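A closer look at the structure
Chain by chain, the residues run as shown.
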Amino acid sequence: MRQARKLAVLTGAGVSRESGIPTFRDAQTGLWASYDPARLATPQGFLADPPLVWRWYDMRRAIVLDAQPNPGHLALSEMEEMIPSVVIITQNIDGLHARAGSRDIIELHGNIARYKCFENEHPQADVQPGLGEPPRCSCGSLLRPDVVWFGENLPPAALERAFSEIRSAQVALVVGTSGLVQPAASLPFIARHHGAYLVEVNPEETATTIIADCFLQGRSGEILPRIVEAMRDLKV
Ligand code: APR
């Protein structure tokens, strides 16, 4: 990693676990437990009941805004001091990499703190919390969170850049993702195919483990700071 000119990092829900961010399913507690995810996170579900979906994302956004980046997020941002180019490719919508100081982040699944309108994808800033139902864009369309719902395509520019960055990285670090959800799940395979050294950090074995050059088993909040420490001790 000290010799790499470019490090590409792919992250998933696991990297935010130690910040207390529940996954989609973990967040389905209490009243929310009975709802089919198709009612909460698809375009069809939104059109059927906009206030319901709006309130679900209000609840999850409040958790995210209350949370703090953990030592794993911070370690990734510190790697920028030692490697000329570090790009974070994340499936998370929580914005914690940016809050930890990482500067180059590709958000494959959007960001829960951003909004756009349903019809035309006009971006929208300054939406008040606690409205209970979606307000409208100046074009008349309802607003929605700027996240990728089930059945939707990933933002094409983000996806294209993710593929291009992973092809040119000397080291790829895959952290806290089960490697089951496409197309992000194919990124480690592409990295390996293009000659990157592949490191995985996860407490459990995943679909990626079998192709990893190095599997560091454990929590990202513990392992990533140790990688940074080891890199600082190395003279190159
Ligand atoms: N540190 C690192 N990894 C962890 C930790 C931890 N402390 N705790 C759990 N993990 C690992 C789990 O072992 C698992 O492999 O994080 C992974 C989480 O997997 P998923 O919940 O499947 O999350 P992810 O891979 O990000 O899922 C991709 O699927 O649900 C959709 O849109 C959602 O972005 C998400 C996508």
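The structure under discussion appears in the preceding block.
No experiment lies behind these values; they were computed from the predicted model shown.

A short note on the site of the ligand
Around the ligand there are 18 residues in total, and Ala-13, Glu-18, Thr-177, Ser-178 and Asn-202 lie nearest to it. Between Gly-176 and the ligand, the recorded distance is 3.2 Å, taken from a backbone N or O atom to an oxygen atom. In the model, a nitrogen atom of the ligand is placed 3.0 Å from a nitrogen or oxygen of the Ser-220 main chain. In isolation the ligand has 730 Å² of accessible area, and contact with the protein removes 75% of it. For the shell around the ligand, the per-class residue count stands at three nonpolar, 11 polar and four charged.

Focus: the packing of aromatic side chains
Counted by the stated rule, this structure contains eight aromatic pairs. Considering the side-chain rings of Trp-32 and Trp-56, the 5.3 Å spacing of their centres and the 55° angle between planes classify their relative orientation as tilted. Here Trp-32 is found in the loop between helix H1 (14-17) and helix H2 (37-40), whereas its partner Trp-56 is found in helix H4 (residues 50-66), with 24 residues between them in sequence. We note that Trp-32, like Trp-56, is buried. Relative to Trp-149, the ring of Tyr-57 lies with its centre 6.3 Å away and its plane at 45°, an arrangement referred to as tilted. Of this pair, Tyr-57 sits in helix H4 while Trp-149 sits in the loop between strand E6 (143-147) and helix H7 (156-168), and the two are 92 residues apart along the sequence. We classify Tyr-57 as buried; its relative accessible area is 3%. For Trp-149, a relative accessible area of 2% translates into the label buried. A network of ring pairs unites the aromatic residues Phe-24, Trp-32, Tyr-35, Trp-56 and Phe-150 as a single cluster. The ring centre of Trp-149 lies 3.7 Å from the NZ or CZ of Arg-144, which sits over that ring.

Topic: the sheet that holds strand E4 (residues 110-117)
A sheet is described by the order of its strands in space; here three strands give the open sequence E5-E4-E6, paired in antiparallel fashion. With one partner strand each, in any of the chains shown, strand E5 (123-124) and E6 form the two edges of the open sheet. One ladder, built from five bridges, connects E4 with E6; its direction is antiparallel. Bridged to Gly-110 within E6 is Val-147. H4 contacts E4 and E6 of the sheet and is inclined by roughly 145° relative to E4.

So, unusual backbone geometry
The amide bond that connects Gln-182 to the next residue, Pro-183, takes the cis arrangement and shows omega of 0°. Of note, Glu-121 is a non-glycine position whose phi angle comes to about 60°, a positive value. Position of Glu-121 among the secondary structure elements: in the loop between E4 and E5. Its relative accessible area of 51% is what places Glu-121 among the exposed residues. The residue Asp-126 is not glycine, and still its phi comes out positive at about 55°.

Concerning the environment of Lys-6
Structurally, Lys-6 is set in strand E1 (residues 6-11). Judged by its relative accessible area of 17%, Lys-6 falls in the buried class. As for Lys-6 and Leu-154, which are separated by 148 residues in sequence, their C-alpha atoms are 24 Å apart. Among the polar contacts listed, one links the side chain of Lys-6 to the side chain of Glu-165, at a separation of 2.5 Å.

Details of the pairing of E1
The element E1 is largely enclosed, with a buried count of six among its six residues. Here E1 shows a buried face lined by Lys-6, Ala-8 and Leu-10 and a second buried face lined by Leu-7, Val-9 and Thr-11. Here E1 pairs with strand E2 (residues 85-90) via six bridges, running parallel. Among the inter-strand pairings, Leu-7 is bridged to a residue of E2, identified as Val-86.

Thoughts on the pattern of salt bridges
Per the counting criterion, the structure on display carries 14 salt bridges. As a salt-bridge pair, Glu-121 and Lys-116 come within 3.6 Å of each other at their nearest N and O atoms. For the salt bridge of Lys-116 with Asp-146, the shortest nitrogen-to-oxygen distance reads 3.6 Å. With Lys-116 in strand E4 and Asp-146 in strand E6, this pair connects stretches of sequence that are 30 residues apart. A residue is classified by how much of its surface remains accessible, and Asp-146, at 18% relative accessible area, is buried. Each of the salt bridges in this network shares a partner with another, and the network as a whole consists of Glu-107, Arg-114, Lys-116, Glu-121 and Asp-146.

The rules behind the values
- In this convention, every chain numbers its residues from 1, walking through the sequence in written order.
- A pLDDT threshold of at least 70 governs which residues receive local features in this predicted model, and a stricter bar of 80 or more applies before side-chain atom pairs are shown or counted, although totals over entire chains, interfaces and linings include all residues.
- In computing side-chain properties, one takes all heavy atoms of the structure into account and sets aside hydrogens as well as water.
- Near residues are defined by distance, with any heavy atom within 4 Å of the molecule or strand qualifying the residue.
- In protein, a polar contact requires one atom able to donate a hydrogen and another able to accept it; more generally it is a pair of N or O atoms within 3.5 Å, and residues adjacent in sequence count only if both atoms are side-chain atoms.
- For accessible areas, the Shrake-Rupley method is used with a probe of radius 1.4 Å. Any residue's cover is judged against the shown protein chains and nothing else.
- When residue character is reported, Ala, Val, Leu, Ile, Met, Phe, Trp, Tyr, Cys and Pro are called nonpolar, Asp, Glu, Lys and Arg charged, and the others, Gly included, polar.
- Here the aromatic set is Phe, Tyr and Trp, taking the six-membered ring for Trp, and pairing holds for ring centres within 6.5 Å; pairs whose planes are under 30 degrees apart are stacked, those over 60 apart are edge-to-face, and all others are tilted.
- Every helix listed is a DSSP run of H or I at least four residues long, and every strand listed is a run of E at least two residues long, numbered separately from the N terminus.
- Exposure is judged per residue with a 1.4 Å probe applied to protein chains only, and the accessible area is read against the type maximum: over 50% gives exposed, under 20% gives buried, and values in between give partly exposed.
- As a reminder, the over-ring test applies to NZ of lysine and CZ of arginine, requiring each to be within 6 Å of the ring centre and within 35 degrees of the ring normal.
- One requirement defines pairing of two strands: DSSP has to find at least two bridges between them.
- We call two residues contacting when some pair of their heavy atoms lies within 4.5 Å.
- Note on geometry: axes are lines fitted to C-alpha atoms, helical ones only across the stretch in contact, with angles between N-to-C directions running from 0 to 180 degrees.
- For this analysis, a salt bridge means a side-chain nitrogen from Lys or Arg found within 4 Å of a carboxyl oxygen belonging to Asp or Glu.

All we've got here are geometric facts, nothing functional implied.
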